[in-house]
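Residue-level listing of the chains:
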Amino acid sequence: MPPSKAKKKKVRAPARTEASPRALVPPARSPRRTAKKTVVLLSRKRSLYSTGRLVEAIKKRGHRPLVLDTLRCTMLLAKDQPRMMYRGVEIRGVDVVIPRIGASITAYGLAVVTHFEMMQVPVVNEAGSILRSRDKLRCLQHLSRAGLDIPRTVMAHDRSNVRKLVEEVGGMPLIIKLIRGTQGVGVMIAHTLTEVQSIVDTFWDLGQEIVLQEFVAESKGKDVRALVVGNRVVGAMRRQAKKGEFRSNIHRGGEGQPIELPPAYVEAAVTAARITGLGIAGVDMLEGYAGPRLMEINSSPGFEGLEAATGQDIAGAMVDYALEFAETRRGGERVRQPL
């Protein structure tokens, strides 16, 4: 009996010693088993609807979301060694970044995005593209140069002949916009020359840059928001301003209804996003008599209203694009657009 027990022990021992190397995944198979990617969301708050939905979509696809408060990112520079710290911990192993940079932190946000680019991390909306979209005049200059239809727009610092500026955009009423406003903030309508003079004087005295823009009457307080991801429109809605309001933004109380965009509007939206160099963009258009008139482009578009109106998984489309982008652009150079 004792000898047979000893034999059994000898048989089991090799099985335990062989278990250890078998637990290591062979190198050739590791890419298939360890496909999980780390997707960074640059966002001030995880509780925001868009951020929460993106986190949900990333997890649903079996990947790891990492929400970083942009203002808590610390950038470290040395020769050929850009590094990023977050709350004292170095950030490593990031596969792709989706920036959600608010207008109030544009300068620091762009620096953080640029730093990730320097670290060779794929970023779906690069710093230069975000900057181009944030400056309303610069954005319209690029769209106009590409032959897209935009409302007539003027910018000037000479307040001596406001009447002539008003004539250039088609007379009254007209729209006055801050160059870097967002969500309808800093957008006003003026009905008299006195109003225009008062508004522009006030903003110029405060050091703010503004543009005067044609009022497209046929739009009747409506506009179209198309959300472009990659080279396609993943959702669109028509926004109607609430009674007594000319701004149709959802944040201003506007209501959204899902629409099927005509081909001309799809082409205009996709072209506008490509011209500004944005992989993800909210493109706002007015419905003119002759077709779409490009109004502005948002590099960090909110999509709560769009998902509610269309019932589509906008967050999922964004995440799918980011993951594909990470695969195709990792270690490669993107074609840079002129600033």
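Above this note sits the structure.
Presented here is a report on the structure given in the accompanying data block. (Residues numbered from 1 in each chain as written. Predicted model: local features only at pLDDT ≥ 70, side-chain atom pairs only at ≥ 80, totals over all residues. Heavy atoms only, no water.)

Running from amino to carboxyl end, helix 5 (residues 127-134) crosses helix 6 (residues 136-145) at an angle of 100°, the nearest separation of the two axes being 5 Å. The angle between helix 5 and helix 6 places the two elements in the roughly perpendicular class. Residues Leu131, Arg132, Ser133 and Arg134 of helix 5 form the contact with helix 6, whose own contacting residues are Lys136, Arg138, Cys139 and His142. (Axes fitted to C-alpha atoms, helices over the stretch in contact; angles between N-to-C directions. Helix = DSSP H or I, 4+ residues; strand = E, 2+ residues; numbered from the N terminus. Parallel < 35°, antiparallel > 145°, perpendicular 65-115°, else oblique. Contact = heavy atoms within 4.5 Å.)

A separate point is helix 3 (residues 49-60). With twelve residues, helix 3 extends 16 Å from end C-alpha to end C-alpha; this agrees with the ideal 16 Å at 1.5 Å per step. Looking at helix 3, one finds that the buried residues are Ser50, Thr51, Arg53, Leu54, Val55, Ala57 and Ile58. Of the surrounding elements, those touching the buried residues of helix 3 are strand 1 (38-42), strand 2 (64-68), helix 10 (304-310) and helix 11 (314-329). The positive-phi residue at the C-terminal boundary of helix 3 is glycine 62, with phi of around 80°. (Expected span 1.5 Å × (residues − 1). Buried < 20%, exposed > 50% of the residue type's maximum accessible area, 1.4 Å probe, protein only.)

Close approach of charged atoms lets side chains of opposite charge pair. Applying the stated criterion across every chain yields a total of 19 salt bridges. Glutamate 168 is paired through a salt bridge with lysine 164; the nearest N and O atoms lie 3.5 Å apart. Highlighted residues: glutamate 168 and lysine 164, both in helix 7 (residues 162-168), separated by four residues, approximately one helical turn. For glutamate 168, a relative accessible area of 40% gives the class partly exposed. For glutamate 287, the salt bridge is made with arginine 238, and the minimal N-O distance between the two is 2.9 Å. Linking glutamate 287 in strand 14 (residues 280-288) with arginine 238 in strand 12 (residues 232-240), this pair joins segments that are 49 residues apart in sequence. One connected set of salt bridges, linked through shared partners, spans Arg53, Glu56, Arg61, Glu307, Asp313 and Asp320. (Salt bridge = Lys/Arg side-chain N within 4 Å of Asp/Glu carboxyl O.)

Turning to its location among the elements, aspartate 223 is positioned in strand 11 (residues 222-229). Of the residues examined, aspartate 223 reaches a relative accessible area of 2% and is grouped as buried. Among the polar contacts listed, one links the side chain of aspartate 223 to the side chain of arginine 239, at a separation of 2.8 Å. (Polar contact = N/O pair within 3.5 Å; in protein donor to acceptor, adjacent residues only side chain to side chain.)

When the terminal C-alpha atoms of helix 11 are compared, their 22 Å separation across 16 residues agrees well with the 22 Å that a helix rising 1.5 Å per residue should span. When helix 11 is considered as a whole, its buried residues turn out to be Ile314, Ala315, Gly316, Ala317, Met318, Val319, Tyr321, Ala322, Leu323, Phe325 and Ala326.

Secondary-structure assignment places threonine 310 in helix 10. Of the polar contacts made by the side chain of threonine 310, one reaches the backbone oxygen of leucine 306; its length is 2.7 Å. A distance of 3.2 Å separates a polar side-chain atom of threonine 310 from the backbone nitrogen of glutamine 312.

Turning next to the packing of helix 4 (residues 106-118) against helix 5. At a minimum axis distance of 9 Å, the contact between helix 4 and helix 5 shows a crossing angle of 155°. Considering their axes alone, helix 4 and helix 5 lie roughly antiparallel with respect to each other. Contacts from Thr106, Leu110, Val113, Thr114 and Glu117 in helix 4 reach Ala127, Ile130, Leu131 and Arg134 in helix 5. Among the residues making up the contact of helix 4 with helix 5, the classes are represented as five nonpolar, two polar and two charged. (Nonpolar A, V, L, I, M, F, W, Y, C, P; charged D, E, K, R; others polar.)

Moving on to the sheet that holds strand 3 (residues 73-76). Taken together, three strands build an open sheet; the order of strands is 3-4-5 and the sheet is antiparallel. In the strand order of this sheet, the two ends are held by strand 3 and strand 5 (89-90), each with one partner. As judged from the four bridges shared by strand 3 and strand 4 (residues 83-86), these two strands associate in the antiparallel manner. Counterpart to methionine 75 in the pairing with strand 4 is methionine 84. (Pairing = 2+ DSSP bridges.)

Of all hydrophobic cores here, the largest spans 28 residues; its most connected members are Val124, Leu227, Phe303 and Met318. Taken together, the elements giving at least two residues each to this core come down to strand 1, helix 3, strand 6 (96-99), strand 11, strand 12, helix 10 and helix 11. Per-element accounting of this core gives the leading share, ten residues, to helix 11. Val228, Val270, Ala272 and Ile275 belong to the second largest nonpolar core, which has 23 residues in total. (Core = buried A, V, L, I, M, F, W, Y, C linked by side-chain atoms within 4.5 Å.)

Quick look at the sheet that holds strand 10 (residues 210-214) now. Strand order in the open sheet formed by four strands is 7-10-8-9, and the pairing between neighbours is antiparallel. Of all strands in the sheet, those bounded by a partner on one side alone are strand 7 (153-154) and strand 9 (187-190). Packing of helix 8 (residues 193-205) onto the sheet brings it into contact with strand 8 (174-178), strand 9 and strand 10, and relative to strand 9 it is tilted by some 150°.

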